[in-house]
Amino acid sequence: MSTATATLYVVATPIGNRDDITLRAIDVLRGVDRIAAEDTRHSRPLLDHLGIHKPLLALHEHNEDAATRQVLDLLRAGESIALISDAGTPLISDPGFPLVRACRAEGFAVAAVPGPSALVAALSVSGLPTDRFRFEGFLPRRQQARMAVLEALRRETATTVFYESSHRVLDTVTDMRDVFGADRVLVLARELTKLHETVLVLPLAGMCERIATDPDQQRGECVLLLSGNRTPDEQCLVGVDDLLTMLLEELSVKQAAALAARITGRKRNMLYQRALALSADAASKAD
Ligand code: SAM
């Protein structure tokens, strides 16, 4: 297969098992003039393994604007370029969006060379409904911001997929239990396509306990898949934020959190943190 000139190829690479590279990905990587890689040192062993020795160019989150301009110049000069990330499909929680957008705006051809992605791999083995799903990527690292994102997902009925670092998986799953309740089912898909591939399916309370007591579950790379909300409970009709906002009109943060805990049966401390954030938000809007 010959590669076209002045074309950007968005090429998926393996998420663990090198044999998952596609025949077309190999062809394209062999045919292009240059490869833009998220981390050239990371991609070199895969390319060496495939016998591909093309000029590499780094395109990562810290140089994305400058690297995008550089790739556009090369495309204008007629080069064909492949974009790869450290693993999986570029742009899926990986660099490349500004480049693809700019290529489209300038009228350059952008060709998909599809292949592995942890998102689709995890969904395909989770046993959760896949007819509708929502991808949330990485949650914020700070707990308050993370809780706000989770709260906003309480009524979501579709399977929701998150990427998470194994260092934070216990904190995140604990927050999920506090927001979605002990019984909501979570799937932890770890080390997919690798030697220690594991897929655990447990209610959130059981998952917290399992991760806390089994250090292996806090190693490697993981995807979290949360089952959709199937119980149309009254708490969903009035979300926690709506309830706290109403209570804060009349009560102090402490009183609002205590009353909300009695009404919803949720943890007082979690509600207190949320009420604090809401009242700080309201105060800054009033300034
Ligand atoms: N672009 C990639 C893709 O298409 O899957 C994702 C890149 S993102 C920076 C890396 C995250 O993907 C990891 O933190 C983890 O959540 C997930 N991930 C990547 N490889 C994985 C694997 N083999 N098993 C489970 N999760 C994986």
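Owing to the predicted nature of the structure, the values given are computational and were not obtained by experimental measurement. (Residues numbered from 1 in each chain as written. Predicted model: local features only at pLDDT ≥ 70, side-chain atom pairs only at ≥ 80, totals over all residues. Heavy atoms only, no water.)

Peer 1: Looking at this structure, I do not really get the site of the ligand. What am I missing?
Peer 2: Around the ligand lies a shell of 19 residues, among which I92, D94, S117, A118 and C222 are the nearest. With respect to the ligand, the backbone of A87 contributes an N or O atom lying 3.3 Å from a nitrogen atom. The separation between a nitrogen atom of the ligand and a polar main-chain atom of L192 is 2.9 Å. Within the complex, 91% of the 570 Å² of free accessible area of the ligand lies under protein. At the level of secondary structure, the elements contributing two or more residues to the shell around the ligand comprise β7 (159–165) and β10 (221–226). Examining the composition of the shell around the ligand, we find that three residues originate from one element, β10, more than from any other. Its residues assigned to classes, the shell around the ligand comprises ten nonpolar, four polar and five charged. No fewer than three residues from each of domain 1 (7–116) and domain 2 (119–226) sit in the shell around the ligand. (Near = heavy atom within 4 Å. Polar contact = N/O pair within 3.5 Å; in protein donor to acceptor, adjacent residues only side chain to side chain. Areas by Shrake-Rupley, 256 points an atom, 1.4 Å probe, with all protein chains shown as cover. Helix = DSSP H or I, 4+ residues; strand = E, 2+ residues; numbered from the N terminus. Nonpolar A, V, L, I, M, F, W, Y, C, P; charged D, E, K, R; others polar. Domains from an automatic or database assignment.)

Peer 1: What exactly am I supposed to notice about the pairing of strand β2 (residues 34–37) here?
Peer 2: In summary, the side chains of a regular strand alternate between the two faces of the sheet. Examined bridge by bridge, β2 and strand β4 (residues 81–84) share four bridges and lie parallel to one another. Along β4, the bridge assignment pairs A36 with L83. When β2 meets strand β3 (residues 56–58), the two strands line up parallel, connected through three bridges. Note that in β3 the partner of A37 across the bridge is A58. Once the chain exits β2 it traverses helix α2 (residues 40–49) before rejoining the sheet at β3, and the crossover so formed is right-handed. (Pairing = 2+ DSSP bridges. Right-handed = clockwise from strand over helix to strand, strands pointing away.)

Peer 1: Would you take a moment to explain the domain arrangement of the chain for this structure?
Peer 2: Many descriptions give the size of an interface as the accessible area lost when the pieces come together. Splitting the chain by domain gives domain 1 (7–116), domain 2 (119–226) and domain 3 (234–286). Here domain 1 and domain 2 have C-alpha centroids that lie 29 Å from each other. Across the contact, six residues belong to domain 1 and ten residues belong to domain 2. Buried area between domain 1 and domain 2, summed over both chains or domains, comes out near 510 Å², and the portion from carbon and sulfur atoms is 64%. Sorting the residues of domain 1 by area buried against domain 2 places I15, I92 and S93 first, and these three jointly supply 74% of that buried surface. The interface formed by domain 1 and domain 2 contains zero salt bridges. (Contact = heavy atoms within 4.5 Å. Buried area = accessible area lost by both parts, 1.4 Å probe. Salt bridge = Lys/Arg side-chain N within 4 Å of Asp/Glu carboxyl O.)

Peer 1: Honestly, the sheet that holds strand β9 (residues 198–203) in this entry has me stumped. Any pointers?
Peer 2: Sheet strands pair via backbone hydrogen bonds, and the direction of the pair is either parallel or antiparallel. The sheet built from five strands is open, its strands ordered β6-β7-β10-β8-β9 with mixed pairing. Sheet topology places β6 (133–138) and β9 at the edges, where each strand pairs with a single neighbour. Within the sheet, the average angular offset between the axes of one strand and its neighbour, ignoring direction, is 20 degrees. Sheet topology note: the strand β8 (residues 185–190)/β10 ladder contains five bridges and is antiparallel. Directly across from L186, in β10, lies its bridge partner L226. Where helix α7 (residues 169–180) meets the sheet, it contacts β7, β8 and β10, and its direction lies at approximately 5 degrees from that of β10. (Axes fitted to C-alpha atoms, helices over the stretch in contact; angles between N-to-C directions.)

Peer 1: For this particular structure, what's the right way to read the sheet that holds β3?
Peer 2: Spatial strand order, β3-β2-β4-β1-β5: five strands in an open sheet with parallel pairing. Of all the strands in the sheet, just β3 and β5 (109–113) have a single pairing partner and so form its edges. Taking the axes of each pair of neighbouring strands and ignoring which way they run, one obtains an average angle of 25 degrees across the sheet. Contacts from α2 reach β2, β3 and β4 within the one sheet, and its direction differs from that of β3 by about 150 degrees.

Peer 1: Would you explain the pattern of salt bridges in this entry?
Peer 2: Under the criterion given, the structure shown has 17 salt bridges. A salt bridge links R134 to E136; its shortest N-O distance comes to 2.8 Å. With relative accessibility at 32%, the residue R134 sits in the partly exposed group. For E136, a relative accessible area of 22% puts it in the partly exposed group. Measuring nitrogen to oxygen at the nearest pair gives 3.5 Å for the salt bridge that ties R155 to D242. Of this pair, R155 sits in the loop between α6 (143–152) and β7 while D242 sits in helix α10 (residues 240–248); the two residues are 87 residues apart in sequence, bridging distant segments of the chain. Given the relative accessible area of 46%, R155 is considered partly exposed. (Buried < 20%, exposed > 50% of the residue type's maximum accessible area, 1.4 Å probe, protein only.)

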